[in-house]
Amino acid sequence: MSLTEGFYWHVSPSDNTVGSTPLKERKNVFDEWVTTPEVASRSPLKLQLLTQELLAWTKWSQRNLAAVLSVSHSTVSALEQGTSPASFAYLHDRLVEAHTVVRRINLIAEQDPSKTNDLLSKTSAAGSSAETLLAQRKPADAYLAALDALRPRRVEPMIQGIWPAKSGDATQDLAEDPV
Amino acid sequence: MSDLHTEGWRQGSIVVRKLTASYLKTLDGRIEEVSTSYSRWVVCTQDCDLRSSRIDSNVPLVELRPVLDADPPSDWGIRSRRFLLAEGAYVDADAPRCFVTPALLNMTSPERDSALDDARTRAFKTWLGLRYDRPAVPEHLADLAREIAKRCSGGRGQAISKDVHDVLMQFEEDTQPARVALFGVIEDETDPEAVRLWLADVATRVNTTLGVVASIDVGTRSQTSLELLETSYSADLSQLTWRSNRPV
């Protein structure tokens, strides 16, 4: 699990921007008797962690990541070192946006950085790569571009199943409130 | 000849009349009948069937469920085993049911209680739908499926769900975390790209400790085969978008 897992951010699909209000997530700290809300951190440490994970998952160079974040390569270097750049809040939101998408593509790519890089850099049929769309602050479009790189869009008229359900599995009511 | 609907009976009508529900059980290898009496009942039969039931019919067509009042639930419970009809009065999915003839039901018209209000009637219909036609997934994928359904239902999902007939899910279980393919089934006039983008946005909010969305496809109902329906699980957008968990 990623060290930054647990931070969930609301992505506004209307303009593909990421809001700054974390969803209410709680973490059990001491068994069941103390519950504290997750603290949304914007510390240089968190930015450093986000930056390091992005670079590790993709094998991007600092220049690649700088292009995705639309900042200079020296800013990425500062982020990676954990020093506080001037445009702190702006960078935080952009990093979270990129991290949200890249984390998922990395999991789909079986955590293989080369494969992750390929999926993010390949230009989709729509004409843009996930990297380019992340630079344009369109995370949902970026996610779709990477999925299209993995599995080209359907040309057949009918939707094709990929992993058909097996019969015989015991099932649980999806609508039921968990007991 | 009049019918039950014309006579004012509706799904959700309350009957105040002592009636008995029975079921069979085994005791020491013998079959025994267990009967329980209740004094209040709610009509569960759909309005279209009430419309087609003549009031002199002696065929047991009308389903009643007992209205209970002991230890009522604290929330409305639209997705729960117990559903609150009104303050202090609820139905329990596990309580025995009773079938009566239209003639008997109509005989109880003088004891018919005031009907549920429109909102509660709609909620009751939804609850009954969930009881009879419950979307289900393999147990080990239930948390992931619920997460996806929740993300589909919240925020923008409530607006876009009008244009989306259903969201189907298939799972690749041999990976860690599990992978999910989402299929949006849309109306003919709906923009598929807008729905793909919406599902991608949903995908970015699914907790990755539970699973990751690895494929998104969207098509109209005519592009959705019976095979796909039979081999997919439904996120059941229409029912899960209904949100009313607390008494107001």
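Calculation rules
Residues numbered from 1 in each chain as written. Chains lettered and ligands numbered in written order. Predicted model: local features only at pLDDT ≥ 70, side-chain atom pairs only at ≥ 80, totals over all residues. Pairing = 2+ DSSP bridges. Helix = DSSP H or I, 4+ residues; strand = E, 2+ residues; numbered from the N terminus. Axes fitted to C-alpha atoms, helices over the stretch in contact; angles between N-to-C directions. Parallel < 35°, antiparallel > 145°, perpendicular 65-115°, else oblique. Left-handed = near helix turned anticlockwise from the far one by under 90°. Contact = placed C-beta atoms within 7 Å. Nonpolar A, V, L, I, M, F, W, Y, C, P; charged D, E, K, R; others polar. Core = buried A, V, L, I, M, F, W, Y, C linked by C-beta atoms within 7 Å. Buried ≥ 20, exposed ≤ 12 C-beta atoms within 10 Å, placed from the backbone. pLDDT = per-residue confidence, 0-100. Right-handed = clockwise from strand over helix to strand, strands pointing away.

Engineer: Describe the sheet that holds strand 1 (residues 14–27) of chain B, and please don't skip the residues or the numbers.
Structural biologist: Residues and elements named next belong to chain B. Taken together, four strands build an open sheet; the order of strands is 1-2-3-6 and the sheet is antiparallel. Strands at the two margins of the open sheet, each flanked by one partner only, are strand 1 and strand 6 (98–100). Strand-to-strand twist across the sheet, computed as the mean angle between neighbouring axes with direction ignored, equals 50 degrees. Pairing of strand 1 with strand 2 (residues 30–43) involves 12 bridges; the strand directions are antiparallel. Paired with Val 15 across the strands is Trp 41, a residue of strand 2.

Engineer: A description of the packing of helix 1 (residues 44–58) of chain A against helix 3 (residues 73–81) of chain A should follow, citing residues and the corresponding values.
Structural biologist: All names here are of chain A. Two elements in contact, helix 1 and helix 3, have axes whose closest approach is 7 Å; the angle formed by their N-to-C orientations is 110 degrees. In terms of their interaxial angle, helix 1 and helix 3 are classed as roughly perpendicular. As helix 1 packs across helix 3, the resulting crossing turns out to be left-handed. Mapping the contact onto sequence places Leu 47, Gln 48, Thr 51, Gln 52 and Leu 55 in helix 1 and Val 76, Leu 79 and Glu 80 in helix 3. Looking at the contact of helix 1 with helix 3, its residues break down into four nonpolar, three polar and one charged.

Engineer: Break down the nonpolar core for me, with residues and values.
Structural biologist: Core analysis: the largest hydrophobic core is formed by 69 residues, its most contacted members being B:Ile148 and B:Met169. A total of nine residues in this core trace back to one element, the largest contributor, which is helix 4 (residues 88–108) of chain A. Formed by 25 residues, the second largest nonpolar core is a distinct cluster that contains B:Leu85, B:Leu105, B:Ala123 and B:Leu128.

Engineer: So, the confidence of the model for chain B: which residues are in play, and what are the values?
Structural biologist: Detailed reading of the predicted model is not advised wherever pLDDT is low. Residue and element names in this part refer to chain B. Overall, the predicted model of chain B reaches an average pLDDT of 85, with 88% of residues at or above 70. Scored below 50 in pLDDT, residues 238–248 shows 26 contacts in the model against residues more than four places distant or in partner chains. This prediction of the complex comes with two scores: 0.64 for pTM and 0.74 for ipTM.

Engineer: Lay out the pairing of strand 9 (residues 178–186) of chain B with the relevant residues and their values.
Structural biologist: Residue and element names in this part refer to chain B. Of all nine residues making up strand 9, eight are buried, and the element is well covered by its neighbours. Taken together, the eight bridges between strand 8 (residues 164–172) and strand 9 define a ladder with antiparallel strand orientation. When the bridges of strand 9 are listed, Met 169 appears paired with Leu 182. Considered for its hand, the β-α-β crossover made up of strand 9, helix 6 (residues 192–204) and strand 10 (residues 211–220) is right-handed.

Engineer: Describe the environment of B:Glu7, with residues and values.
Structural biologist: Take B:Glu7: it is sitting in the segment before strand 1. Leave out the neighbours within four places in its chain, and B:Glu7 touches B:Ser2, B:Ile55, B:Asn106 and B:Ser109.

Engineer: Summarise the environment of A:Ala142; cite the residues concerned and give the values.
Structural biologist: Residue and element names in this part refer to chain A. You can see Ala 142 is positioned in helix 7 (residues 139–150). What makes Ala 142 buried here is the crowd of 31 C-beta atoms within 10 Å. Between the alpha carbons of Ala 142 and Val 102 there is a distance of 9.3 Å; along the sequence they are 40 residues apart. Not counting chain neighbours up to four residues away, the residues in contact with Ala 142 comprise Val 101, Ala 130, Leu 133 and Leu 134.

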